[in-house]
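Each chain, written out:
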Amino acid sequence: MSDQAKGEMTGSCVCGAVAFRTTGGAHPMSWCHCTLCRKYHGHALAAVAVPNDKIEWKAGAEDSIRWYHTSDTGQRGGCAKCGSALFFRSLGEDHISIAAGILDNPTQLETRDHIYTADKGDWYALEPDNAPRYEQDWPSEAHPYKG
Ligand SMILES: [Zn+2]
Ligand SMILES: [Zn+2]
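Notes on the structure follow. Bear in mind that the values here come from a model prediction, so they are computed numbers and not experimental data.

Procedures and definitions
- Residues numbered from 1 in each chain as written.
- Chains lettered and ligands numbered in written order.
- Predicted model: local features only at pLDDT ≥ 70, side-chain atom pairs only at ≥ 80, totals over all residues.
- Pairing = 2+ DSSP bridges.
- Helix = DSSP H or I, 4+ residues; strand = E, 2+ residues; numbered from the N terminus.
- Axes fitted to C-alpha atoms, helices over the stretch in contact; angles between N-to-C directions.
- Buried ≥ 20, exposed ≤ 12 C-beta atoms within 10 Å, placed from the backbone.
- Contact = placed C-beta atoms within 7 Å.

**Re the sheet that holds strand 2 (residues 19–23)**
Ordered in space as 1-2-5, the three strands form an open sheet in which the pairing is antiparallel. Two strands lie at the open edges of the sheet, namely strand 1 (8–12) and strand 5 (55–57), each paired on one side alone. The sheet shows a mean angle of 20 degrees between the axes of neighbouring strands, direction not considered. As paired strands, strand 1 and strand 2 are joined by five bridges and run antiparallel to one another. Residue pairing across strands places Met 9 opposite Thr 22, the latter belonging to strand 2.

Spelled out as structure tokens, the structure:
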């Protein structure tokens, strides 16, 4: 698979009002176990960041996303119609993190690592993979899309 092909995916909410196609440029997938992700998405968030200019939205899709500030700089996006929890974005950044659960198979994604494991729910075990785990945010040398 070429790097060009990597990151070509489709996804949608439950009702289909928010649907999109990504045309490449996907970053590796990480799991976030922080409290905000768990509250908003109902569980730890497996997400893949995709540059804004690599996302092709279905007509009207962006108007169906309701963004909610969960911090001064971070927003969560869900479908205004069906309530599906879909996205995370940081203001000023050029990509959107897409919840991997809303993507259609095959995604070709693999777990890169786990972050904020110190905040994870006490009722589940981490996915039994060998991916690196960080108790808080990524250390700078392991950050997938900063710097
Ligand atoms: Zn929907
Ligand atoms: Zn999180």
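And the narrative resumes.
**Details of the environment of Tyr 145**
Secondary-structure assignment places Tyr 145 in the segment after strand 10 (111–115). Overall, Tyr 145 belongs to the partly exposed group, with 14 C-beta atoms counted inside 10 Å. Along the primary structure Tyr 145 and Met 9 are separated by 136 residues, whereas in three dimensions their C-alpha atoms are 19 Å apart. The residues touching Tyr 145, leaving out its near neighbours within four places in the chain, are His 27, Ala 49 and His 95.

**Comments concerning the pairing of strand 4 (residues 45–51)**
For strand 4, the tally of buried residues reaches six of seven residues, placing the bulk of the element in the interior. Two strands pair when backbone bridges link them, and strand 3 (residues 29–32) and strand 4 are joined in this way by three bridges, in the antiparallel orientation. Within the sheet, the bridge partner assigned to Ser 30 lies in strand 4 and is Ala 47. Looking at chain direction, strand 4 and strand 9 (residues 95–99) are connected through five bridges and run antiparallel. Counterpart to Pro 51 in the pairing with strand 9 is His 95.

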